[in-house]
Amino acid sequence: MARYLVTGCAGFLGSWISQALLERGEIVRGFDNFETGLKKNLAEINGRLDFVEGDLRDADAIARACEGVDYVLHQAALPSVPRSVKDPRTSHTANVDGTFNLLEGARAAGVKRIVYAASSSAYGNQPGFPRKETMVPMPIAPYPVQKLAGELYMRSYWQVYGLETVCLRYFNIFGPRQVPDSPYSGVMAKFALLMLSGEQPTIFGDGEQGRDFTYVANAVSANLLAMEAPAEKVAGRVFNIACGERHTLNETYKILAELAGFTQPALYGPERTGDIQNSLADITAAQDAFGYKPLIGFEEGLRRTVDWYKQQMKEAVPQNSLA
Ligand code: UD2
């Protein structure tokens, strides 16, 4: 029976992927250092996951975790464009050195395939929509550069060492378990929490920037499909994972506010350094190579997300509270 390793298993995507694999009856090892991952994300898989606490910057630790593994789903990263602008070194070591250490560990352990969490930010602000994988990457901030370096390393390890690698360029994934209360939180989680707490979110810029927001279940299914697809269709390749639709922040704000029962308008602040104006994916390559299709659309994803944060906030009320 195949064995799986999920890096970043306590994170937003990693925990959902680990859970999906375990629900299929697979043997899954998880690796996380809890730098951004949360113990509570492992609650539903506790006892079933072979959990290893470790840091990707520790080459020996990740090499040991790769032993006996057939497939790796590499989700661990220190995300966020603004975090990388503020402190590029820390995110560089996690994202670039960490990915390199994983590749070396996987190569030594004879891992068959790695599916890597790449980022749509690699496209930068160049003209031309929708984004196709054949476009030349033009990353701007350190984070996209780091994620792109990981992609290039993935391709190199396929071409040079025959380790099958597949890169999935995620387009703004959102949904339950995304951390909502960090200064580096994704916009959807941040806005949902603020609105449900009765606080006014701030839109950076005029709100007309667009994103191909993608519900997390779509990314999970893409990982499972990419892991199983024949090597000749996916090895050494890069694929966009998105919905193929662009929604502006102003539009997103309106829908979120309605779902959250929030009636105040947005505040507007200065544009964020290193921000991308627009993002929209062509997803036909993933469709053709491994049958990817978005399972949950934008509005349904927003509804599920807001419902989940509502539930979380209810559960956070102390047992003996009168609230
Ligand atoms: C980038 C990548 C995404 C993923 C992510 C990881 C692009 C197009 N997308 O997401 O695929 O790799 O990085 O972190 O590069 N915003 C506000 N108010 C706030 C917070 C954010 O207006 O309080 C704006 C922000 O300026 C941006 C948009 O919301 O225009 C989305 O920001 P984000 O941080 O959620 O994600 P983004 O697009 O940097």
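Everything below is about the structure shown above.
Keep in mind it's a predicted model, so treat the numbers as computed, not measured.

What counts, and where the lines are drawn
- Every chain's residues receive numbers from 1 upward, in the order its sequence appears when written.
- Local features in this predicted model are restricted to residues of pLDDT 70 or higher, and side-chain atom pairs are both shown and tallied only at a pLDDT of 80 or more, whereas totals for entire chains, interfaces and linings draw on every residue.
- As a convention, hydrogens and water are excluded, and side-chain values are obtained from all of the structure's heavy atoms.
- Cavities and pockets are defined on a 1 Å grid built over the protein atoms alone: a cavity is a set of grid points where a 1.4 Å probe fits but cannot escape, while a pocket is an open set with protein on both sides within 12 Å along at least five of seven lines, and lining residues are those with an atom within 4 Å of any such point.
- Grid points are joined across faces, edges and corners, and a volume is the space filled by probe spheres set on the points.
- Helix and strand assignments follow DSSP, with helices taken as H or I runs no shorter than four residues and strands as E runs no shorter than two, numbered in order from the N terminus.
- Following the grouping adopted for this structure description, the nonpolar residues are Ala, Val, Leu, Ile, Met, Phe, Trp, Tyr, Cys and Pro, the charged ones are Asp, Glu, Lys and Arg, and the polar ones are all others, Gly among them.
- A helix is expected to reach a length of 1.5 Å times the quantity of its residues less one.
- Three exposure classes are used, based on accessible area relative to the maximum for each residue type with a 1.4 Å probe and protein chains only: buried under 20%, partly exposed in between, and exposed over 50%.
- Throughout, a residue-residue contact means that at least one pair of heavy atoms, one from each residue, lies within 4.5 Å.
- The term bend refers to the angle at a residue between two fitted axes, each drawn through seven residues, those ending there and those starting there.
- Near is defined per residue: the residue qualifies when any heavy atom it owns lies within 4 Å of the molecule or strand.
- Under this definition, polar contacts are N or O atom pairs within 3.5 Å; protein pairs additionally need one hydrogen-donor-capable and one acceptor-capable atom, and for neighbouring residues in sequence, both atoms have to be side-chain atoms.
- Values of accessible area rely on a 1.4 Å probe in the Shrake-Rupley scheme; residue burial ignores everything except the protein chains shown.
- Only strands joined by at least two bridges in the DSSP assignment are considered to pair.
- Handedness rule for crossovers: strands pointing away from the viewer, path from the first strand over the helix to the second running clockwise, crossover right-handed.
- Inter-axis angles, ranging from 0 to 180 degrees, are taken between N-to-C directions of lines fitted to C-alpha atoms, where helices are fitted over the stretch in contact.
- A carboxyl oxygen of Asp or Glu within 4 Å of a side-chain nitrogen of Lys or Arg is what we treat as a salt bridge.
- The scheme is simple: roughly parallel for angles under 35 degrees, roughly antiparallel for over 145, roughly perpendicular for 65 to 115, oblique for anything else.
- Here a crossing is called left-handed whenever its near helix is offset anticlockwise from the far helix by less than a right angle, and right-handed whenever the offset is clockwise.

K.L.:
Teacher, can you tell me more about the layout of surface pockets here?
P.N.:
To find the voids left in a structure, one rolls a probe of water-molecule size over its atoms. Its boundaries defined by the atoms lining it, the second largest pocket holds a volume of some 260 Å³. Top contributing element to the lining of the second largest pocket by residue count: helix α11 (residues 298-315), with four residues. By residue class, the composition of the lining of the second largest pocket is eight nonpolar, three polar and three charged.

K.L.:
Honestly, helix α1 (residues 12-23) in this entry has me stumped. Any pointers?
P.N.:
One full turn of an α-helix is made of 3.6 residues, so residues set three or four places apart face in the same direction. The terminal C-alpha atoms of α1, which comprises twelve residues, lie 17 Å apart, in line with the 16 Å expected from a rise of 1.5 Å per residue. Among the twelve residues of α1, ten are classified as buried, and the element is accordingly described as predominantly covered. Along α1, the residues classified as buried are Phe12, Leu13, Gly14, Ser15, Ile17, Ser18, Gln19, Ala20, Leu21 and Leu22. Where α1 is buried, its residues contact β1 (3-7), β2 (27-32), β4 (71-74), β6 (164-170), β7 (173-174) and α7 (216-228). Of the residues trailing α1, Gly25 is marked for its positive phi of about 85°.

K.L.:
Is there a simple way to explain helix α4 (residues 88-109) in this structure?
P.N.:
In a regular helix each residue adds 1.5 Å, so 22 residues correspond to 32 Å; α4 covers 30 Å between its end C-alpha atoms and thus fits that length. At Gly98, α4 shows its largest bend, some 25°. Restricting attention to buried positions, one finds in α4 the residues Ser91, Ala94, Asn95, Val96, Gly98, Thr99, Asn101, Leu102, Leu103, Gly105 and Ala106. Backbone geometry just after α4 places Gly110 at a positive phi near 75°.

K.L.:
What is the right way to read the site of the ligand from this model?
P.N.:
Contacts to the ligand come from 24 residues, most closely from Ser119, Val187, Arg211, Arg272 and Asp275. Interatomic distance of 3.1 Å between a backbone N/O atom of Ser80 and an oxygen atom of the ligand. Within the side chain of Arg211, one N or O atom sits 2.6 Å away from an oxygen atom of the ligand. Protein contacts shield 91% of the accessible area of the ligand, which totals 750 Å² for the unbound molecule. A class-by-class count of the residues in the shell around the ligand yields eleven nonpolar, nine polar and four charged.

K.L.:
When you look at the pairing of β1 in this model, what are you seeing that I'm missing?
P.N.:
A regular strand places its side chains on the two faces of the sheet in alternate fashion. Within β1, four of the five residues are buried, which leaves it mostly tucked inside the rest of the structure. With five bridges joining them, β1 and β2 adopt parallel strand pairing. Counted as the bridge partner of Thr7 is Phe31 from β2. Between β1 and its parallel partner β2, the chain crosses via α1, and the hand of that crossover is right-handed. With four bridges connecting them, β1 and β4 associate as parallel partners. Counted as the bridge partner of Tyr4 is Tyr71 from β4.

K.L.:
Can you walk me through the sheet that holds strand β3 (residues 50-53) in this structure?
P.N.:
Read from one edge of the open sheet, seven strands run β3-β2-β1-β4-β5-β6-β11, paired in parallel fashion. Edge positions in the sheet fall to β3 and β11 (237-241), since each has one partner strand and no second. Neighbouring strand axes in the sheet, compared pairwise and without regard to direction, differ in orientation by 20° on average. This element, α1, spans β1, β2, β4 and β6 of the sheet and lies at about 165° to β1.

K.L.:
When you look at the pattern of salt bridges in this model, what are you seeing that I'm missing?
P.N.:
Where charged atoms from two side chains of opposite charge approach closely, those side chains can pair. On inspection of all chains with the given rule, the structure shows 16 salt bridges. Of the charged contacts in the structure, one is a salt bridge between Arg303 and Asp307, with a shortest N-O distance of 3.2 Å. Of this pair, Arg303 and Asp307 both sit in helix α11, four residues apart, which is roughly one turn of the helix. For Arg303, a relative accessible area of 35% corresponds to the partly exposed category. For Asp307, a relative accessible area of 34% puts it in the partly exposed group. Residues participating in the shared-partner salt-bridge network are Glu300, Arg303, Arg304 and Asp307.

K.L.:
Would you take a moment to explain the packing of α1 against α7 for this structure?
P.N.:
Each pair of packed helices can be described by the angle between their axes along with the distance between the axes. Axis separation between α1 and α7 bottoms out at 10 Å; the angle between their running directions is 55°. Overall, the two elements α1 and α7 adopt an arrangement that is oblique. The two elements α1 and α7 cross, and the hand of that crossing is right-handed. Only Val216, Ala219, Val220, Asn223, Leu224 and Met227 of α7 make contact with α1, whose side of the interface consists of Phe12, Leu13, Trp16, Ile17, Ala20 and Leu21. Looking at the contact of α1 with α7, its residues break down into eleven nonpolar, one polar and no charged.

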